[in-house]
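Reading the structure
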Amino acid sequence: MLLAVADAMDENRDMLCVLDGEIGDADHGIAMSGGFAGVREALDELEGTPTEVLNTAAKAFLNAVGASSGPLYATAFMRAGMAVKGKDKLGPADAAAMVAAMAEGIAHRGKAQQGDKTMLDAWAPAGAAAMEAEGSIAAILTAAAEAAEAGAQATADMEAKLGRAARLGARSLGHKDPGAASAAIMLRAMAAAV
C-alpha cells in the first residue's frame, strides 16, 4: 500500500504544487513526493510486521520532509502502527483501525479542527467512514477514500484558519486545500493497492 502511495504522489506531484501555489508556497507536491520517496527507500529491503513497516515509514517520512506534513504523517504512521500492534496480517477491522488512528494522530499533532481547511478535513471523515464501513479491506479503504475526496472538495468552500493559507483570510475561499487533496490521493492509492 505504501509503495502505491509513493507512486501516486509522484504522479500527482505537479498538480499538488499547483494547488499549493494558489494558497501556499507551491511545494506540497514536492514534500509529499519526497517524503514517500524516503518511505520507498526505507521499505526496499524491509520484511516485517505491519507495525514495523508503519514505524519505519514514520521515521523515513519525517527524515525526508521538513515541512509541517513531516511530523503530521510521522505521527499518523506511528499511531497506525500502534493500532495494528501484534498483527502479522491485516484484516478489515485492522484496516479501519489503522485509518482511524491516522486521522486521530493528525488531529492530535496538528491541533486542527474540522472546518479549518487542513488535511484533517479529509482525514477525519475518512477515519469515521472506515470505522462505519463493512466488508473487505478494499471496501473499507474505498469508503475512507470516498469520504476523504468529499472532505477535500469541501475545503474549497472553507476559509483557512491554520497554516500559511490562513494569512489570506477570505481570499482562500474557492481553493481546495492541498493537504486534504493529497490525503484523498493517499487513501485512494491504498484502496487501489488492495
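Residues numbered from 1 in each chain as written. Predicted model: local features only at pLDDT ≥ 70, side-chain atom pairs only at ≥ 80, totals over all residues. Heavy atoms only, no water.

**Focus: the nonpolar core**
For clarity, the threshold we go by: Residues enter a nonpolar core if they are buried and are Ala, Val, Leu, Ile, Met, Phe, Trp, Tyr or Cys, with the set joined through side-chain atoms within 4.5 Å. Residue burial is assigned from relative accessible area. The probe radius is 1.4 Å, only protein chains are included, and a residue is buried under 20% of its type maximum, exposed over 50%, and partly exposed in between. The helix count covers DSSP runs of H or I at least four residues long, the strand count covers runs of E at least two residues long, and both are numbered beginning at the N terminus.
One finds F36, Y73, F77, W123, M186 and L187 to be the most contacted residues of the largest nonpolar core, which totals 56 residues. Every element with two or more residues in this core is listed here: α1 (2–23), α2 (28–43), α3 (50–64), α4 (69–83), α5 (92–110), α6 (120–132), α7 (137–154) and α8 (178–193). Examining the composition of this core, we find that 10 residues originate from one element, α8, more than from any other.

**Some remarks on the packing of aromatic side chains**
Under the convention used in this document: Pairing of aromatic rings covers Phe, Tyr and Trp, the last through its six-membered ring, and needs centres within 6.5 Å; plane angles under 30 degrees mean stacked, over 60 mean edge-to-face, and all others mean tilted.
Counted by the stated rule, this structure contains six aromatic pairs. Look at F36 and F61: their rings are 5.2 Å apart centre to centre, the planes differ by 70°, and that puts the pair in the edge-to-face class. One end of the pair, F36, is in helix α2; the other, F61, is in helix α3, with 25 residues separating them in the sequence. For the pair F36 and F61, a shared accessibility class is recorded, and that class is buried. Measuring from ring centre to ring centre gives 6.5 Å for F61 and F77, while their planes differ by 70°; the resulting arrangement is edge-to-face. Taken as a pair, F61 in helix α3 and F77 in helix α4 lie far apart in primary sequence, 16 residues in all.

**Considering the packing of α1 against α2**
What counts is decided by this rule: Axis definition: a line fitted to C-alpha atoms, over the contacting stretch in the case of helices. Angles run 0 to 180 degrees between N-to-C directions. Under this scheme an angle from 65 to 115 degrees is roughly perpendicular, one under 35 degrees roughly parallel, and one over 145 degrees roughly antiparallel; angles in between are oblique. Note on convention: the crossing is left-handed when the near helix lies turned anticlockwise from the far helix by less than a right angle, right-handed when the turn is clockwise. Contacts between residues were defined by any pair of non-hydrogen atoms, one from each residue, lying within 4.5 Å. Classification used: nonpolar for Ala, Val, Leu, Ile, Met, Phe, Trp, Tyr, Cys and Pro, charged for Asp, Glu, Lys and Arg, polar for all others including Gly.
At a minimum axis separation of 6 Å, α1 and α2 run at an interaxial angle of 165°. Between α1 and α2, the angle falls in the class roughly antiparallel. Note that α1 runs across α2; the crossing there is left-handed. Here L2, L3, V5, A6, D7, M9, D10, R13, L16, C17 and D20 of α1 lie close against α2, whose contacting residues are H28, G29, I30, M32, S33, F36, V39, R40 and L43. Of the residues contributing to the contact of α1 with α2, the split by class is 12 nonpolar, three polar and five charged.

**Things to note about the environment of A145**
Summarising the element assignment, A145 is placed in helix α7. With 122 residues separating them in the primary sequence, A145 and I23 have C-alpha atoms 24 Å apart. When sequence neighbours within four positions are dropped, the list of residues in contact with A145 reads L187 and R188.

**Some details on the layout of surface pockets**
Rolled over the atoms, a probe as big as a water molecule pinpoints where empty space is left. Let me state the cut-off plainly: A pocket here means an open set of points on a 1 Å grid, computed over the protein atoms alone, that has protein on both sides within 12 Å along at least five of seven lines. A cavity is instead a set of points where a 1.4 Å probe fits but cannot get out; residues with an atom within 4 Å of a point line either one. Grid points are joined across faces, edges and corners, and a volume is the space filled by probe spheres set on the points.
A volume near 320 Å³ is recorded for the second largest pocket. If you go around the second largest pocket, you meet 16 residues; those closest to its centre are M1, L2, P50, V53 and L90. The residue inventory of the lining of the second largest pocket, partitioned by class, reads 16 nonpolar, no polar and no charged.

**Things to note about unusual backbone geometry**
Even without a glycine there, the phi angle at A26 is positive, about 65°. Residue position: A26 is located in the loop between α1 and α2.

**Thoughts on the packing of α2 against α4**
Their axes nearest at 11 Å, the elements α2 and α4 cross at an angle of 40°. With respect to each other, α2 and α4 are oriented oblique. By crossing handedness, the relation of α2 to α4 is classed as right-handed. Between α2, through H28, A31, M32 and F36, and α4, the contact on the second element is made entirely by S69, Y73 and F77. Its residues assigned to classes, the contact of α2 with α4 comprises five nonpolar, two polar and no charged.

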